[in-house]
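# Geometric and topological summary
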Amino acid sequence: MPTENFMDTLFYKWQNTHQPFGVEQIGAEKAFNQLVAAYSTPGRYYHTLKHLDHVLSTIEILQGYTNNLAAVQLAAWFHDVVYDSQAQDNERRSADYAFELLSNLGIAESIITTVTRLILNTKDHQAGVDDYDSQVLLDADLAILATNPMQYGEYAHAIRQEYAWVKDQDYIIGRQQVLERFLQRSHIYFTPLMAEFAEPSARGNIQGEIQSLLSGSFHSD
């Protein structure tokens, strides 16, 4: 359950995000409440407000790499607003959600177009060599992979909870495939800062999770 201080901090970040666009306050507060409700739906254990806050905080660290910081921050707010572990179109539905809500807030169409493109890029976590805004959003979204082993273990357990409907053996196979794809990439992170300081930890954590899956020592409860 998010604390009052956490929610205050999150609301402050939301205000800073929409401030450049001159959004009317009542509409902004209503939008914030909608976002909070969406990220608090049952069945979410990792894709929660805590994850959203972590992404926003990482973007703050990486903001020097962005071309359009405001668009990246807006995209972060909406990138997991729709999440169903049994669906394949979460990113598209999240982008559609962002399009509708941001249109209602009077955000310029050019900004909304950029925001929806950034959200869609979180599906495969790939960004063009000159697409610095996508690179920052994707690095922030995957920053969890490079956290300390205890936090990473909590993350891996939370993902398993979101896929509780999948049998252990099927989950092991599917999850291993996802993790192996990250290890097979020439780089997990795009920004120089993350590539230098986070990449080694992320690869170590991923390899550790794969070993845990194959040894049967992960927890499915």
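The following paragraphs examine the structure supplied in this document.

What counts as what
Throughout this document, residue positions are counted from 1 along each chain, in the order its sequence is written. Per-residue local features are limited, in this predicted model, to residues with pLDDT of at least 70; the limit for side-chain atom pairs, both in listing and counting, is 80 or more; totals at the level of whole chains, interfaces and linings are taken over all residues. Water and hydrogen atoms play no part in the side-chain values, which are based on all heavy atoms of the structure. Comment: elements are numbered from the N terminus, with helices defined as DSSP H or I runs of at least four residues and strands as E runs of at least two. In this description the radius of gyration comes from C-alpha coordinates, and the expected globular size is given by 2.2 Å times residues to the power 0.38. Three labels apply to residues, based on accessible area from a 1.4 Å probe with only protein chains included: buried if under 20% of the type maximum, exposed if over 50%, partly exposed otherwise in between. We call two residues in contact when some of their heavy atoms are within 4.5 Å. With residues, only the protein chains shown are counted as cover, and all accessible areas are computed by Shrake-Rupley using a 1.4 Å probe. Only buried Ala, Val, Leu, Ile, Met, Phe, Trp, Tyr and Cys residues count toward a nonpolar core, and they belong to the same one when joined by side-chain atoms within 4.5 Å. Two aromatic rings from Phe, Tyr or Trp, using only the six-membered ring of Trp, form a pair when their centres are within 6.5 Å; if the ring planes differ by under 30 degrees the pair is stacked, by over 60 it is edge-to-face, and anything between is tilted. For a Lys NZ or an Arg CZ to count as sitting over a ring, it must be within 6 Å of the ring centre and within 35 degrees of the ring normal. The span one expects for a helix is its residue count, reduced by one, times 1.5 Å. By definition, the arc is the one covered by directions from the helix axis to the C-beta atoms.

### Some details on the overall build of the protein chain
- Of regular secondary structure, the protein chain possesses 11 helices and zero strands.
- Taken against the 2.2 N^0.38 rule, which gives 17 Å for 221 residues, the C-alpha radius of gyration of the protein chain at 17 Å falls within 12% of a compact globule.
- Judged by the C-alpha coordinates and their principal axes, the protein chain covers about 55 × 35 × 30 Å.
- For the protein chain, buried positions account for 49% of its 221 residues.
- Summarising the internal contacts of the protein chain: among those between residues at least 6 apart in sequence, 66% fall at separations of at least 24.
- Total accessible area computed for the protein chain in this model is approximately 11,300 Å², and 52% of it derives from carbon and sulfur atoms.

### Re the nonpolar core
- Counting 65 residues, the largest nonpolar core has Trp14, Phe78, Leu102 and Leu145 as the members making the most contacts within it.
- If near-sequence neighbours (up to four positions away) are discounted, Phe78 is found in contact with Trp14, Leu35, Tyr39, Ser94, Tyr97, Ala98, Leu101, Leu102 and Ile119.

### Observations regarding the packing of aromatic side chains
- Applying the stated criterion across every chain, the model contains eight aromatic pairs.
- Seen in terms of ring centroids, Phe78 and Tyr97 are 6.3 Å apart; in terms of plane orientation they differ by 50°. Their pairing is tilted. With Phe78 in helix α4 (residues 69-78) and Tyr97 in helix α5 (residues 90-104), the pair connects residues that are 19 residues apart, well separated along the chain.
- Judged by relative accessible area, Phe78 falls into the buried class, the value being 0%.
- Aromatic rings pair up to connect Phe11, Trp14, Phe32 and Trp77 into one cluster.
- Note that Arg44 overlies the ring of Tyr39, its terminal NZ or CZ placed 5.1 Å from the centroid.
- Sitting over the face of the ring of Tyr171, Arg160 holds its NZ or CZ atom 4.3 Å from the ring centroid.

### Describing helix α11 (residues 199-215)
- For α11, which comprises 17 residues, the first-to-last C-alpha distance of 24 Å matches the rise-based estimate of 24 Å (1.5 Å per residue) to within 8%.
- The set of residues buried in α11 consists of Glu199, Ala202, Arg203, Asn205, Ile206, Glu209, Ile210 and Leu213. Buried residues of α11 fall within an arc of 165° about the axis and therefore sit on the same side. Facing away from the buried side of α11, by more than 90 degrees, are the exposed residues Pro200, Gln211 and Ser215.

### Section: the environment of Ile173
- Of note, Ile173 is situated in helix α9 (residues 168-184).
- Residue classification places Ile173 among the partly exposed residues on the basis of a relative accessible area of 42%.
- Separated by 40 residues in the primary sequence, Ile173 and Leu213 have C-alpha atoms spaced 8.7 Å apart.

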